[in-house]
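Results of the structural survey
Residue strings, one per chain:
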Amino acid sequence: MGFLEAGEPYTWDESREDGIMEWVSTHGIDQFLAMWEKVKAIRCDDLKWGDELEYSILSANGDDGTVRCKLRGAEILAKLREQELALQAEDEAEGEAGMKGGTKSEGCSWVPEYGAWMVEGTPAHPYTGTASALLSVERNMRTRRARLLAVLEPDEICPTIPCFPLIGVGEFTEPALPAGGPVTKSLFVPDDCINPHPRFAALTGNIRKRRGANVDIRMPRFRDTHTPAPSRPVGCAQPSTVEEANAMDEVYMDAMAFGMGCCCLQVTFQAQDVDESRHLYDQLAVLAPMMLALTASTPAARGTLLDTDSRWGIISQSVDDRTPTERRSAGTERSARLPAVNGTDGSHTASDGTPPKSAPPKVPSSSAVADGPSGPSGLYHDAMWQSGRGAQHKSRYDSISLYICNELAKNKNPQCSEQYNDVPAPMCEKSYARMVAAGIDPMLARHIAHLFSRDPLVIFRGRVQELSDADSTEHFENLQSTNWQTVRWKPPPASSTFLGGTADIGWRVEFRSMEISMTDFENAAFTVFIVLVSRIILYFNLNLYLPLSKVDENMRRAQTRDALHTQKMWFSQNLMPPCGCETPQKKMPHEKVATLFGAGEVAPSEVTVLEILTGKGTYRGLCPMIMAYLDVIGSDSVTLRTVTVYLDFIVARAAGQLVTPATWMRNYIRSHPDYKFDSVVSSRIATDLMMKCHRIGMGLDKPRELYGDFPIQTVSAKDAVTARLLSSLPLGRSTSHVERTMD
Ligand code: ADP
Ligand code: MG
Ligand code: MG
Ligand code: MG
Ligand code: MG
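This report concerns the structure included in the present document. (Residues numbered from 1 in each chain as written. Chains lettered and ligands numbered in written order. Predicted model: local features only at pLDDT ≥ 70, side-chain atom pairs only at ≥ 80, totals over all residues. Heavy atoms only, no water.)

Attention now moves to the overall build of the protein. A tally of helices and strands in the protein yields 27 helices and 18 strands. Evaluated residue by residue, the protein yields a buried proportion of 64% over its 743 residues. Taking as baseline every contact in the protein between residues at least 6 positions apart, the subset at least 24 positions apart corresponds to 78%. Total accessible area on the protein stands at roughly 24,700 Å², and carbon and sulfur atoms take up 53% of it. (Helix = DSSP H or I, 4+ residues; strand = E, 2+ residues; numbered from the N terminus. Buried < 20%, exposed > 50% of the residue type's maximum accessible area, 1.4 Å probe, protein only. Contact = heavy atoms within 4.5 Å. Areas by Shrake-Rupley, 256 points an atom, 1.4 Å probe, with all protein chains shown as cover.)

Set out below in structure tokens:
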């Protein structure tokens, strides 16, 4: 979760009333402009990339053996960091001693996460652009799991699943704590399940205060044969007791912990320059729904089976800080990207993906802005510290509402940008005007002004006027890091050498929609897949643009139960739509791509995820393009074999030969002897499921319907020393003497 300065936050009222929020927002733009001047022209020729995995630590300690969230994240984090230093030294020593497989250390890096039972792990150093770096991913993920296992107590487990199904059910923490507290005021979760760093409680409390009530998370309940009829219908008032909540048609949750307590897989890529980063951002945003559907692993929450398969709707609603006016003006209480609650989704997007009735946003010309606010009422929004409050159509955690590639604006067809940017995207007009006046192009100014249509949520004492706009990016990052969208455009951080720091970091894009998977084989497969997709987008100059209303519709469909097989996705099979943009560093002419891969329908059409992967008609599919790319760059045979296994696995899942983790977990729950066909996931069921998932993660259990014959290796605490893990791995290292690069 971004940067973590220690300190004491201002109270919500202080930051609102004393002009502090306004200062942060205004100076956030100044900082962006100062930073932009320093980094707009930088180039980083080497590809760098890396993943993030979020872990839950559970324990089965009570008299009843029930699995609970173990609130020991901070202690475990400290142990992990200490162990890391010691193991790195040991790894290097073993490597030098010429042990079998011993190579330079591949360590891990550990940071806190929202839940007091969570930690986040990344590789210690980003992966490089050599094709054989693809082999490091699974190995490093397995090292991370081993190192986490090594610091756990005997009764602790770390299944890598997005959502522990007992969050908010009875005493679900260890130590046991009563629900509620001044921060969350939750009916279900205790304040102390939040990470003790002050940032996290402040975020939680301020979201609730800004909204004016507890967050109102409602997910569709899976109706089984004995599920009691609800006495409180869809759309009923927010409940004030657990009993009222249980009588609702929807599954209700009321705290940030339900969403930010979910674990995901994120992948960040460095682009060669700012233009390439903007291009990749747009292209990858289109694929976010498909990757959510492919990784779906969340069939249950708050002890109940859901009629959806992924965490997205939970997390999106869990940080929805919009005021009642912002929601009402947008014409929707519920987000359009959420799956329908038993047929009444109350959304503003028709199911065919046609855009909302209100007009799409237009980029005002700079002269219009200079004359003062000119947008149609409701479309332009000033953050809360400003006078007017307009519509906000989405939660801060949601799909993107704007494409940002400047080529789109420069396209010969002037309608191009508006045709694709067809959903409302409120922005802070003052910020927009200042950026345009400072020479930022309207596409980018609109993106930043859209991020700045939100209020800063957490502001620390002594870090407001005290910061220099020329040297700090903290106020900019305040807004940037609390806009949690499907993709994130990441300018070089303050720690970058380009901004006077010491880290070698340039322009990056983060892909954020995927769920975490039970095994590192799967996490690596999806990570490697998405990095290769980013390569073919650039190399073959692919053009995946869809109107954002259709991407939003895909996002809604992606969360439905068994989406891979019940839903189709809008997709542009034509790699050269008449209205699109050129890859900034164009590698291959469109005509050549068409000859290689064919070109499908010109208009976007509805296809299955399998068809997106493997082709349909004259459209060849992403997987064959990846294989062609690896061939073109001359990747070595070990890398090629490993990637082939990953792609085969993903295709087998899309084809239904293997089930998604969500389907497997739903089946596990519904066939458990303790299940009463009433949608309730009892403590007994959840405990058995978590024990099973933990064993699956360690490679000790391997359900055939999930993995078939695919190679899931065992991993245990003794593999914490990388050199030992390396020597035991069937996945070898590159055999090639000439390293092929994917830049
Ligand atoms: P976040 O701000 O999203 O929490 P993290 O620092 O946790 O970001 O993780 C970012 C990921 O990006 C890590 O896997 C890291 O290895 C990787 N990474 C680090 N430096 C670079 C770089 N220069 N370019 C691309 N990826 C990088
Ligand atoms: Mg995280
Ligand atoms: Mg992170
Ligand atoms: Mg993060
Ligand atoms: Mg991240």
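Turning our attention to the pattern of salt bridges. Enumeration according to the criterion identifies 47 salt bridges in this entry. Across the pair Arg-43 and Asp-273 runs a salt bridge, and its minimum N-O distance is 3.6 Å. Linking Arg-43 in the loop between helix H2 (20–39) and strand E1 (49–56) with Asp-273 in the loop between strand E10 (265–270) and helix H8 (274–294), this pair joins segments that are 230 residues apart in sequence. Its relative accessible area of 11% is what places Asp-273 among the buried residues. Ionic contacts of the salt-bridge type, sharing partners, join the residues Lys-70, Arg-72, Glu-75, Glu-153, Asp-155 and Glu-156 into one network. (Salt bridge = Lys/Arg side-chain N within 4 Å of Asp/Glu carboxyl O.)

Turning our attention to the coordination of the magnesium ion (ligand 3). Note on the magnesium ion (ligand 3): its protein donors are Glu-52 (OE) and Glu-120 (OE). The metal-donor distances range over 2.1 Å. The metal-metal distance between the magnesium ion (ligand 3) and the magnesium ion (ligand 2) is 4.3 Å, with Glu-120 coordinating both. Pair noted here: Glu-52 is in strand E1 and Glu-120 is in strand E5 (residues 118–123), with a separation of 68 residues, a long-range link. Taken as a pair, Glu-52 and Glu-120 share a single burial class, namely buried. (Donors = N, O, S within 2.8 Å, 3.2 Å for Na, K, Ca; no water.)

What follows concerns the sheet that holds E10. In space, the six strands of this open sheet follow the order E4-E5-E1-E10-E16-E15, with antiparallel pairing throughout. Strand pairing shows two members of the sheet lacking a second neighbour, strand E4 (108–112) and strand E15 (487–490), which therefore form its edges. Going from strand to strand, the sheet's axes swing by 20 degrees on average, the running direction of each strand aside. With four bridges connecting them, E10 and strand E16 (residues 508–511) associate as antiparallel partners. Residue pairing across strands places Thr-268 opposite Glu-510, the latter belonging to E16. Where helix H17 (residues 520–539) meets the sheet, it contacts E1, E10 and E16, and its direction lies at approximately 30 degrees from that of E10. (Pairing = 2+ DSSP bridges. Axes fitted to C-alpha atoms, helices over the stretch in contact; angles between N-to-C directions.)

With an omega of 5 degrees, the peptide bond between Glu-174 and Pro-175 qualifies as cis. Secondary-structure assignment places Pro-175 in the loop between strand E7 (173–174) and helix H5 (198–211). Backbone geometry places Asn-541, a non-glycine residue, at a positive phi of 60 degrees. On the secondary structure map, Asn-541 appears in the loop between H17 and helix H18 (548–558). By relative accessible area, Asn-541 is classed as buried at 0%. At Asp-562, a position not held by glycine, the phi torsion is positive, near 55 degrees. Structurally, the position occupied by Asp-562 is in the loop between H18 and helix H19 (563–566). We classify Asp-562 as partly exposed; its relative accessible area is 26%.

This paragraph deals with the site of ligand 1. In the vicinity of ligand 1 there are 16 residues, among which Asp-51, Glu-52, Glu-120, Gln-270 and Glu-510 approach most closely. Here Asp-51 contributes a backbone N or O atom positioned 2.8 Å from an oxygen atom of ligand 1. Take Gln-270: an N or O atom from its side chain is 2.7 Å from a nitrogen atom of ligand 1. Surface burial for ligand 1 is 80%, taken as the share of its 570 Å² of free accessible area covered by protein chains. Of all the secondary structure elements, the ones that give two or more residues to the shell around ligand 1 are E1, E5, E10 and E16. In terms of residue count, E1 provides more of the shell around ligand 1 than any other element does, four residues in total. In terms of residue class, the shell around ligand 1 is built from four nonpolar, four polar and eight charged. (Near = heavy atom within 4 Å. Polar contact = N/O pair within 3.5 Å; in protein donor to acceptor, adjacent residues only side chain to side chain. Nonpolar A, V, L, I, M, F, W, Y, C, P; charged D, E, K, R; others polar.)

Below, the discussion takes up the nonpolar core. In globular proteins that are soluble, nonpolar side chains generally tend to be buried together. Among the nonpolar cores identified, the biggest contains 202 residues, and Phe-32, Leu-148 and Phe-529 are the most heavily contacted of them. With residues near it in sequence (within four places) discarded, Leu-148 still touches Tyr-55, Ile-57, Ile-76, Leu-80, Trp-110, Val-119 and Cys-158. By size, the runner-up hydrophobic cluster in this structure holds five residues, among which are Ala-146, Val-715, Ala-720 and Val-721. (Core = buried A, V, L, I, M, F, W, Y, C linked by side-chain atoms within 4.5 Å.)

This paragraph deals with the packing of H8 against H17. Any two packed helices are characterised by how steeply their axes cross, that is the angle between the axes, and by the distance between the axes. In the contact formed by H8 and H17, the axes pass within 10 Å of each other and the chain directions differ by 140 degrees. Between H8 and H17, the angle falls in the class oblique. Regarding H8 and H17, the two cross each other, and that crossing is right-handed. On the side of H8, the interface is formed by Glu-276, His-279, Leu-280, Gln-283, Leu-284, Leu-287, Met-290, Met-291 and Leu-294, while H17 contributes Phe-526, Phe-529, Ile-530, Val-533, Ser-534, Arg-535, Ile-537 and Leu-538. (Parallel < 35°, antiparallel > 145°, perpendicular 65-115°, else oblique. Left-handed = near helix turned anticlockwise from the far one by under 90°.)

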